Each structure stands twice: as structure tokens, then as C-alpha cells.
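Read off the chains here:
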Amino acid sequence: APTPAAAPNYGVYLVTDSTPAILGGRDLVQVVGAALRGGVTCVQYRDKNGDRGAVVAMARRLHALTQRHGVPLLINDRVDVAVEIGCEGVHIGQDDMNVHEARKLVGQDKIIGVTASSVDEAIKACQDGADYLGLGTVYATATKKDTKSIIGPLGIRAILEAMAEAGHGAVPTVCIGGVNNDNAAEVLAQTSAAPAKSLDGVAVVSAVIAADDPAEAARHLAGHIAVAAIPLVVGAVGRATPLSHNMTNLVVQNFAANVALAVGASPIMSNYAAEAADLAKLGGALVVNMGTVTPEGLANYKQAIKAYNDAGRPIILDPVGAGATAIRRAASAEILALGRFAVIKGNVAEMQTLYGGPSATQQRGVDSTSELGMAGRASLAASLARRHRAVVLLTGPTDVVSDGRRTYRVDNGHAMLGRVTGTGCTLGTAVSAMVAAYPADPLLAAVAAAVVFGTAAQRAVARDDVRGPGTFVPAFLDELDAITRATAEGDLRWLVLAR
Ligand code: 3NM
Ligand code: MG
């Protein structure tokens, strides 16, 4: 079956500017290329006055670049240019062509974004069929001097609330105007009308285009976006109470079910695949954890994977001890070739085995034994992610999470997690809940799960009543539960974002 194009991701939205004051003497294609490597998720080429021939030529170069990164390219204002080069869409302001005209020219399948500065403009754009809105101007900016109204974060928030109220809560939004790495976190927090509606991203010009290091600037913005997503992800789990269907090993069943409950999901522990087709219809996610694999178990995984793939529901694959035995190496390779996985989770040894196939090096027990530096870990996660079009969550003292082009590090947690059994496996359960509830961005859902999980460990260890692994486990569940509640309310102060 043909796979529909992935929904555009507006998280780190770059708007270009070719004027010397902002671009300097640099080549726009090189600057945008660096920004894409840093994690920009959407590019708008904005050159309102340039000579048409030069603009078409630049648009083509930019489109070749964004296509290599799998990122949409939109053209500001000049709809004819977008039509000519066949890029993913256009962005139009209130003084540009209207949405209906633009739609006739670009067609149903292309993206049309609209700038709105007021509730009325936003609602009208939604009614006209805009695919997303750019809301602004947040703060006065030297980049665009003719901005009509500076509405601040609270003005943005008022528009978001009105959109949700009018039934347009599903239309994605970014904010624009004077947003940079010093204020992005604050803008995202202040604009959030959660749970009604929050921004899907931030649009910036000078914060990236004029930066000394555009890649680094984009990377920082991507970090702010990921942190801001955590309460949205955790809140979505609480509202949806998604089913977390665990086909897991007999060591961790009880612990995994309790972790699912603590993060607000609804666990079901079913290793009998004949149930999977019914369970897959309930809007949850499946964890396939190969921790105590048997021939019968393997047959069950395969049947359940097919059922969840057929239902279009996410699967989290945890190939526990993938490299430990010939049986596990073969089984994990077979499973991996069989279906689609939203998230593949494991330690370095397991992920190296999957990446290298069944002949990869011997792994001792189910623990991670491989030494690999951070760059090597990031590259392993990204390569495996690209190959399987999945999110890869590579666990370790620092977790690495990648979808193949965006790669995040989660640097929290505590060594105590390695002294009790099942913490790695139950992280997979937490991921399943978050991915099921936050389909918009499985990468950020997995990051959120890792952050919350590691934070719970650190908070548990810090408690006076925790003296070792035995007292740690119940304290960990308590903290996971408490963090989930606080974070869903938008309180980020509980989270440990770096050791
Ligand atoms: N549109 P910077 S503000 C292109 O309010 C644009 O619609 C705006 O640049 C609007 O990120 C703006 O450098 C410029 O402040 C934003
Ligand atoms: Mg405009």
C-alpha cells in the first residue's frame, strides 16, 4: 500500500532572508544547509523583491537541499515560483494573494501557510483552508520593519485559545517575530494554552540566518522545542489513557504494568497474539520485548506485529539481549525485517547487533558491554533509524534518540537504574504510552519518555527513604507518578534536563 507523506513538522521553522544585513556575505544555500544539519524541520524561502529568474534559481537549489533532508520547502508570497519549481507549498501574508486563489494554483496536496495577527485573521484563514498559521508579530524585530501589530506571547495565546474554541485546534501553528534562543523557552511556555492548544513550533529568521554558527543555533532551538513538548506529550497520555499492550518477558511483567499506570496509560499484558487484532483497534501501542524469547513467543510476536501494522498503530521493539545468543541474533533480525516499528529501543550492544545483522559480535548476557563514544552512538542511532524509518532510542548513561536526521541526547538518570532489573524494559513501556498519545512526533515522544524516566530515577535516589535497589523501585514508581502529574500541568521545574 502506498504510504502517505509524513505530516510536515513545523517545530523548528526557518524563514530565510537574503539581505546583506542578515545573511552577510554568505551563500544562502550553505547557511540553510548548516541549519538543516542542526535540526531545522521546515524551510520558508522568503525573497519578496528579488529578480524572478534569480529567485527561481535559488528556490531550485534550496529545494534540492531540503529534499535531501526530507524537509518541506515553502515559498513566501510568490506562488508562481512555488508552482514552477514544484516544492511543497507557499506561505502567504494578509497583503498577499488570498488562500482560495493560491489553492487553485498550487492544488489540494500542497501546503498553504497564512500569517495571522489577530483572532479574526486566524479563524478566517482556518475557514479558508490554510494548512498551518504563522502567528505574530511576537516581538518587534529589525528583520521586518513593516509589521503591523506586536502582539506578544499573550496575544499568541489568545489566538490559540480562540482557534481551539472555534474548532480549529488541529490546525498547526508557529509564532514569528523576534524569537531567538534567549527567549524561545519563555515564548513557548507563555503562549501555551495547554491542554486546549499550544504552538507546534517557532519560526525564526535572524536567530539562525544571522548566527555565527547556524547549525548550533538551530540545534539549540530544537532543544527548546523538545523540552516544550514534554508537558504536551505527558498531558496527552493523561487525557488519552492509551492502551499499552506489552508482549514482554516474564521478569518484568508486573513492573511494566505499574510503570504504564504511573505515566497515565492503561496496561494490558498479553503474550497471546490471537488477541492482538482486537487490541490493536483500541488506539494504543504494542511493546514487543524479546527478553525471554521462545519459539512459541516468536510466532506470537510475528502475528501481533502484523496485526498492529495492519491497524496502523505504533510498535516499540525492544530486542533484549539481541547479541547474546545465536537464537536471539536470528530472531531479532527476522523480526526487524518483518514489519514497521515506530521505535526501536536498546543498548549499544543490542543496536550494534541489529545494525550489523545476525553475524555481529557476541554480547555477554543482556547487559550492554560495548564501548562507544558519543559520536559513535549518535551515528549508530541515526543510521539504524534511517535504515528502518524508525525512531531509535539508544539507552545508556546518556540516552541518544534519533529519527535519522534529528538526534537528541538525554543526559539524566542514575546508576541505580542499572542495579534493579527491568528498568530498561519498562522504559519501553513508557515510550509506548507517549508514542501512542503523541503521534505528531514520535521522536519527541520518545525523548519525553526518556527525560521523565531519568528524572524519576534521580528524584527517587535523592530521597531519604531510599537505601538501595529494594527501596528504590517503589520510590521510583512514586516519583514517576508525581512527575507525570506535575508535568502534565505544564510545570517543567520537576524535570532534570541534564546531570
Ligand atoms: N514575518 P526574526 S515577523 C518574516 O509578523 C516575518 O508576520 C513576521 O524575523 C510577521 O526572526 C518576520 O529575525 C521576521 O525576528 C522575523
Ligand atoms: Mg508575507
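For the structure, see preceding data.
Residues numbered from 1 in each chain as written. Chains lettered and ligands numbered in written order. Predicted model: local features only at pLDDT ≥ 70, side-chain atom pairs only at ≥ 80, totals over all residues. Heavy atoms only, no water.

Quick notes on the sheet that holds strand β4 (residues 89-92)
1) Next: The strand order around the closed barrel formed by eight strands is β1-β2-β3-β4-β5-β6-β7-β8, and the pairing between neighbours is parallel. Taking each pair of neighbouring strands and ignoring which way they run, the sheet shows an average axis angle of 25 degrees.
2) Next: With four bridges joining them, β4 and strand β5 (residues 111-116) adopt parallel strand pairing. Bridge pairing in β5 places I92 opposite V114.
3) Next: Seen against the sheet, helix α3 (residues 52-69) touches β2 (42-45) and β3 (73-76) and runs at an angle of roughly 175 degrees to β2.
4) Next: In this fold helix α7 (residues 152-165) packs onto β5, β6 (132-136) and β7 (173-176), with an angle of close to 150 degrees to the strand it touches most, β6. (Pairing = 2+ DSSP bridges. Helix = DSSP H or I, 4+ residues; strand = E, 2+ residues; numbered from the N terminus. Axes fitted to C-alpha atoms, helices over the stretch in contact; angles between N-to-C directions. Contact = heavy atoms within 4.5 Å.)

Some words on helix α13 (residues 295-311)
1) Next: Its 17 residues give α13 an end-to-end C-alpha distance of 25 Å, which sits within 8% of 24 Å, the value for a rise of 1.5 Å per residue.
2) Next: Directly after α13, the chain includes G312, whose backbone phi takes a positive value near 70 degrees. (Expected span 1.5 Å × (residues − 1).)

Re the pairing of strand β11 (residues 285-289)
1) Next: A large share of β11 lies buried, amounting to five of its five residues.
2) Next: With burial as the criterion, each face of β11 is covered, one bearing A285, V287 and N289 and the other bearing L286 and V288.
3) Next: Of the strand pairs in this sheet, strand β9 (residues 243-247) and β11 are connected by four bridges, and their pairing is parallel. By the bridge assignment, S244 is partnered in β11 with A285.
4) Next: Across four bridges, β11 lies against strand β12 (residues 315-318) in parallel orientation. Within the sheet, the bridge partner assigned to V287 lies in β12 and is I316. (Buried < 20%, exposed > 50% of the residue type's maximum accessible area, 1.4 Å probe, protein only.)

Here's the deal with the pattern of salt bridges
1) Next: All chains considered together, the criterion is met by 25 salt bridges.
2) Next: Of the charged contacts in the structure, one is a salt bridge between E84 and R60, with a shortest N-O distance of 3.6 Å. In this pair, E84 sits in helix α4 (residues 79-85) while R60 sits in helix α3, placing the two residues 24 residues apart along the sequence.
3) Next: When its relative accessible area of 42% is taken as the criterion, R60 is described as partly exposed.
4) Next: For D318, the salt bridge goes to K345, with nearest N and O atoms at 2.9 Å. Of the two residues, D318 is situated in strand β12 and K345 in strand β13 (residues 343-346); the sequence distance between them amounts to 27 residues.
5) Next: Look at D318 and you get buried, because its relative accessible area is 2%.
6) Next: What makes K345 buried here is its relative accessible area of 3%.
7) Next: One continuous salt-bridge network, built from bridges that share partners, spans R459, R463, D465, D478 and E479. (Salt bridge = Lys/Arg side-chain N within 4 Å of Asp/Glu carboxyl O.)

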